[in-house]
Structures are given as C-alpha cells and as structure tokens.
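Each chain is listed here by its residues.
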Amino acid sequence: ISIQVIESGQWVVAMVGVNSVKRYSSALASVDSKAISTSFVTFTEGKGGSAYLIDNPTDLTNRNLLIAAPAATGASSTSGKVIIINQNNSGNTVITTINTPDTDAVRALPDSTNNYYWVALDDTSANGINSRLVKYDINGNVLSDWSGSSEVTLAHPVGLQFTPNGDILVSEYK
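Computed from a predicted structure; not experimentally measured.

Peer 1: Which parts of the structure should I look at to understand the overall build of the chain?
Peer 2: Scanning the chain for helices and strands turns up zero helices and 14 strands. Put simply, the chain has 174 residues, and 43% of those count as buried. Here the contacts in the chain between residues at least 6 apart in sequence split such that 38% fall between residues at least 24 apart. As displayed, the chain offers around 9000 Å² of accessible surface, 49% of which is attributable to carbon and sulfur atoms.

Here it is, written out as structure tokens:
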C-alpha cells in the first residue's frame, strides 16, 4: 500500500486489488476509484510497490500515474518495473516502461518538476547486496545510481520521501 496526500487535503491510496487506486476526501469518504489492470501491473502483498499521481492529481478524468512494481510472485522474471500510465475516461495507456533487472521497484517518486523519477530498487535475490536508489529521466535513462559503497550501504529499501529542502530520505528494512 502507498499513500499520497495531495494539496486539496485529499488522499490517494494505491493497493492490491480490483480498484487499485482510490482517492479519498479529507473526511475519508471515497471520492473516486480507478483500476489498474493486471495486464499492466500486479501488486503483490508484502513486496512493496507504489502508485503516485503526477501532473494534476486532482483531475481524475486525465492523470498520469508513476508506478513502482515489484516482480510478481511466481513470475518467470525477477525484474520489477517502473511504469508511467495515463488514466483517462477511455482507459489506461502506458507512456513509459522502465525494467529494473534483478531488482524489485518498491517505491518511486517524481522530483518537484515531474521530469525526473527517483526509484528505490530492492535486490531480493542477493539479500540486498545490489539494492540502490536510481534517478531516471522521463525516457528511462539512468541519470544517477546510488548503490552501496564503502561509506553507505543500502539494504532492502522500503520507502522514499522528499524533505522540504529537496533532500531525499530512504527508509529500509534490515
């Protein structure tokens, strides 16, 4: 599950299930729900994943979602992916897909301009040794790759958040 609070005091919740993206009012009444077909992504309980409304999050008739999707349980591939989906009244259209080989994409956030995406990648096959934080441009090109070094080790990231001054915080499970 991932939760995003948008400017109007409403919440956007992404979760496993049929209506996988829901918007709630500040009184916790469901305002809208949209489904993300399993042909696009399958969120697996306990493996992370997120959906973040970018562009105009209050416009539910035409919006873009930034999705971090871990590899599906039991899938032949161990690769997660980052997807940008346009949701409108006609349905869902994939704008960009970024494969994340041998890692689960557990969280993704846009920067303040919505031109770059920070993605926490969890290496579940090698016990977190190759977990990292990657910055992509809107075309899926890697701009920065912050992986383990002698100074910093990142094992099993589970969350991302920007601070008011633009720093990024990464929470992890060890």
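Still to come is the rest of the account.
Peer 1: Just to check I follow, could you spell out the packing of aromatic side chains for this structure?
Peer 2: What describes a pair of aromatic rings is the distance from one ring centre to the other and the angle between the planes of the rings. Within the structure shown, the criterion is met by zero aromatic pairs. Sitting above the plane of the tyrosine 116 ring, lysine 135 keeps its charged end 4.7 Å from the centroid.

Peer 1: When you look at a nonpolar patch on the surface in this model, what are you seeing that I'm missing?
Peer 2: A contiguous nonpolar surface patch, about 410 Å² in accessible area, is contributed by Ile3, Val5, Trp11 and Leu28. Structurally, isoleucine 3 can be placed in strand E1 (residues 2-5). According to the relative accessible area criterion, isoleucine 3 is exposed, its value standing at 52%.

Peer 1: I would appreciate a short explanation of the side chain of threonine 103 in the present structure.
Peer 2: Looking at the secondary structure, you find threonine 103 in the loop between strand E8 (91-100) and strand E9 (104-110). Polar side-chain contacts of threonine 103 include one of 3.1 Å to the backbone oxygen of threonine 100.

Peer 1: Would you mind going over the pattern of salt bridges with me for this structure?
Peer 2: Think of it this way: side chains of opposite charge can pair up when their charged atoms draw near. For the coordinates displayed, the defined rule picks out one salt bridge. In this structure, arginine 132 and aspartate 145 form a salt bridge, with 3.5 Å as the shortest nitrogen-oxygen distance. Of the two residues, arginine 132 is situated in strand E11 (residues 132-137) and aspartate 145 in strand E12 (residues 142-147); the sequence distance between them amounts to 13 residues. Residue class for arginine 132 comes out buried when judged on its relative accessible area of 18%.

Peer 1: What exactly am I supposed to notice about the environment of valine 5 here?
Peer 2: Secondary-structure assignment places valine 5 in strand E1. Residues valine 5 and arginine 23, spaced 18 residues apart in sequence, show a C-alpha to C-alpha distance of 9.5 Å. Every residue in contact with valine 5, bar those within four places of it in the chain, is listed here: Gln10 and Trp11.

Peer 1: Before we go on, may I ask you to explain the sheet that holds E9 in this structure?
Peer 2: Sheet strands pair by backbone hydrogen bonding; their relative direction is either parallel or antiparallel. Taken together, four strands build an open sheet; the order of strands is E9-E10-E11-E12 and the sheet is antiparallel. Every interior strand has two partners, whereas the edge strands, E9 and E12, have only one. For this sheet the average axis-to-axis angle between neighbouring strands, irrespective of direction, equals 20°. Summarising the sheet, E9 and strand E10 (residues 116-122) pair through six bridges and their orientation is antiparallel. Looking at E10, one finds that leucine 109 is bridged to tryptophan 118.

Rules of the game
Residues numbered from 1 in each chain as written. Predicted model: local features only at pLDDT ≥ 70, side-chain atom pairs only at ≥ 80, totals over all residues. Heavy atoms only, no water. Helix = DSSP H or I, 4+ residues; strand = E, 2+ residues; numbered from the N terminus. Buried < 20%, exposed > 50% of the residue type's maximum accessible area, 1.4 Å probe, protein only. Contact = heavy atoms within 4.5 Å. Areas by Shrake-Rupley, 256 points an atom, 1.4 Å probe, with all protein chains shown as cover. Phe/Tyr/Trp six-rings, centres within 6.5 Å; stacked < 30°, edge-to-face > 60°. Lys NZ or Arg CZ within 6 Å of the ring centre and 35° of its normal. Patch = residues over 30% accessible without salt bridge, like charges linked within 9 Å, V, L, I, M, F, W, Y side chains within 5 Å. Salt bridge = Lys/Arg side-chain N within 4 Å of Asp/Glu carboxyl O. Polar contact = N/O pair within 3.5 Å; in protein donor to acceptor, adjacent residues only side chain to side chain. Pairing = 2+ DSSP bridges. Axes fitted to C-alpha atoms, helices over the stretch in contact; angles between N-to-C directions.

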